[in-house]
Amino acid sequence: MGKKKPKIAEGFVMFDVVYQDGTKSSRRKVAAFELADDDADARARTIIMDQDRKIAAMSGNDRGSIASLTRSPG
């Protein structure tokens, strides 16, 4: 028998984000396969910051820096 290919995580992981100015953004999506590293929360923070930069470039409104990041329940 041959080796099995490693299973790739499917779907999304949701995060709740609180920014320095007190605003909240619930259930931000991050692809599960991008969080396969040991330090998944730090990777998620980087991905969400990249998403925020793209949104700010299109809208002209800066979100500010992230104060806390937690996985959404359920």
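Placed above this text is the structure.
All residue numbers refer to positions counted from 1 along the written sequence of the respective chain. Local features in a predicted model are, by the rule used here, given only for residues with pLDDT of at least 70; side-chain atom pairs are given and counted only at 80 or more, and totals for whole chains, interfaces and linings are based on all residues. For side-chain calculations, the full set of non-hydrogen atoms in the structure is used, while hydrogens and water are omitted.

Re the environment of R63
Topologically, R63 is positioned in the loop between α1 (40–59) and β3 (66–71). Only protein chains enter the accessibility calculation, which uses a 1.4 Å probe; a residue is then buried when its area is under 20% of its type maximum, exposed when over 50%, and partly exposed in between. Owing to a relative accessible area of 31%, R63 belongs among the partly exposed residues under this scheme. Once the C-alpha coordinates of R63 and R53 are considered, the two residues, 10 residues apart in sequence, prove to be 8.1 Å apart. To qualify as a helix, a DSSP run of H or I must reach at least 4 residues; to qualify as a strand, a run of E must reach at least 2; elements of each kind are numbered from the N terminus.

Topic: the sheet that holds strand β1 (residues 12–19)
Strand pairing is defined by DSSP finding a minimum of two bridges between the two strands. Sheet architecture is open: three strands sit in the order β2-β1-β3, paired in antiparallel fashion. Each edge of the open sheet carries a strand with a single partner, namely β2 (24–31) and β3. Pairs of neighbouring strands in the sheet enclose a mean axial angle of 30°, with direction left out of account. Looking at chain direction, β1 and β3 are connected through five bridges and run antiparallel. Looking across to β3, one finds that D16 is bridged to T70. Sheet strands touched by α1: β1, β2 and β3. Its angle to β3, the strand with the most contacts, is close to 120°. Axis angles are defined between N-to-C directions and span 0 to 180 degrees, where every axis is a line fitted to C-alpha atoms and, for a helix, only to the segment in contact. Whether two residues are in contact is decided by their heavy atoms: any pair within 4.5 Å suffices.

Observations concerning the packing of aromatic side chains
Pairs of aromatic rings are described using the distance from one ring centre to the other and the angle between the two planes. Only centres within 6.5 Å qualify two rings of Phe, Tyr or Trp (six-membered ring in Trp) as a pair; their planes then separate them into stacked at under 30 degrees, edge-to-face at over 60, and tilted for everything else. Taken as a whole and judged by the stated rule, the model has zero aromatic pairs. Cation over ring: K29 sits above F12, and NZ or CZ is 5.0 Å from the ring centre. Both a distance and an angle decide whether a charge sits over a ring: NZ of Lys or CZ of Arg must be within 6 Å of the ring centre and within 35 degrees of the ring normal.

A short note on the side chain of D52
Topologically, D52 is positioned in helix α1. You can call D52 buried: its relative accessible area is 6%. Other than its neighbours up to four places away in sequence, D52 contacts Y19, R28 and R63.

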